[in-house]
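Residue strings, one per chain:
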Amino acid sequence: MNIFKVKINFEAKGQESVELPIAEGESVLDVCLENGIELQHNCGGVCGCSTCHVYVNSGMDNVQEISDKEEDFIDRAVNPRINSRLGCQCVILDGDIEVTLPDQSQFLGH
């Protein structure tokens, strides 16, 4: 199993970027949860909502290709961009990646 790096930036004020190991076949959502990084995932990480929305700053070629279902959910995300992906579907295939987590405070309970 190959191990790569994921750099996670945060839109929320006061949070420093972190760089963490990510294994081939692992999702950005998995790495966040394993490392105590709060990334909403109301559907449980099964591509059934848009709450784990992230922006891929670099390394888009190193993740699994976007599906039509994922595209549909990204359209419903808060502030989607051309580099938007769902953290649960952002699965590493080969190489490093850098993402930005949108401010999570717009979700209920925060």
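Residues numbered from 1 in each chain as written. Predicted model: local features only at pLDDT ≥ 70, side-chain atom pairs only at ≥ 80, totals over all residues. Heavy atoms only, no water.

Identification of the chain as 2Fe-2S ferredoxin from Mucilaginibacter frigoritolerans is taken from an unreviewed UniProt entry. Recorded in UniProt under Sequence similarities (unreviewed entry), the annotation for the chain is "Belongs to the adrenodoxin/putidaredoxin family." Check the Cofactor (unreviewed entry) section of the UniProt entry for the chain; it says "[2Fe-2S] cluster". (UniProt positions renumbered as here; feature names shortened; annotations may be inferred.)

Chemist: I would appreciate a short explanation of the pairing of strand 1 (residues 3-10) in the present structure.
Modeler: Bridging between strand 1 and strand 2 (residues 18-23) involves six bridges; their strand directions are antiparallel. Bridging from a neighbouring strand, Lys7 pairs with Glu19 of strand 2. Pairing geometry for strand 1 and strand 5 (residues 97-101), over five bridges, is parallel. Bridge assignment links Ile8 to a residue of strand 5, and that residue is Val99. (Pairing = 2+ DSSP bridges. Helix = DSSP H or I, 4+ residues; strand = E, 2+ residues; numbered from the N terminus.)

Chemist: Could you clarify how one ought to interpret the pattern of salt bridges in this entry?
Modeler: Where charged atoms from two side chains of opposite charge come close, those side chains can pair. For the structure shown, the criterion picks out three salt bridges. Between Arg81 and Glu11 there is a salt bridge, and its shortest N-O distance comes to 3.2 Å. Of this pair, Arg81 sits in the loop between helix 2 (68-74) and strand 4 (84-86) while Glu11 is found in the loop between strand 1 and strand 2, placing the two residues 70 residues apart along the sequence. The closest approach of N and O atoms between Arg85 and Glu70, which form a salt bridge, is 2.8 Å. (Salt bridge = Lys/Arg side-chain N within 4 Å of Asp/Glu carboxyl O.)

Chemist: So what exactly am I meant to see when it comes to the environment of Pro102 here?
Modeler: Here Pro102 lies in the segment after strand 5. A residue is classified by how much of its surface remains accessible, and Pro102, at 7% relative accessible area, is buried. Considering only alpha carbons, one finds Pro102 and Val78, 24 residues apart in sequence, at a separation of 8.7 Å. Excluding residues within four positions of it along the chain, Pro102 makes contact with Glu11, His53, Val54 and Tyr55. (Buried < 20%, exposed > 50% of the residue type's maximum accessible area, 1.4 Å probe, protein only. Contact = heavy atoms within 4.5 Å.)

Chemist: How do you make sense of the sheet that holds strand 4 when you look at a structure like this?
Modeler: Strand pairing in a sheet takes place through backbone hydrogen bonds and is either antiparallel or parallel in direction. A sheet is described by the order of its strands in space; here five strands give the open sequence 2-1-5-3-4, paired in mixed fashion. This sheet does not close on itself; its edge strands, each paired only once, are strand 2 and strand 4. Strand after strand, the sheet turns through a mean of 40 degrees between neighbouring axes, direction not considered. As judged from the three bridges shared by strand 3 (residues 53-58) and strand 4, these two strands associate in the antiparallel manner. Pairing of Tyr55 across the sheet is with Ser84, part of strand 4. (Axes fitted to C-alpha atoms, helices over the stretch in contact; angles between N-to-C directions.)

Chemist: Where do I start with the environment of Asp96 in this structure?
Modeler: Here Asp96 lies in the loop between strand 4 and strand 5. For Asp96 and Asn62, which are 34 residues apart along the polypeptide, the C-alpha to C-alpha distance reads 6.8 Å. Contacts of Asp96, omitting those with residues within four sequence positions, involve Phe4, Lys5, Gly59 and Asn62. One polar contact links the side chain of Asp96 to the main-chain amide nitrogen of Lys5, over a distance of 2.8 Å. (Polar contact = N/O pair within 3.5 Å; in protein donor to acceptor, adjacent residues only side chain to side chain.)

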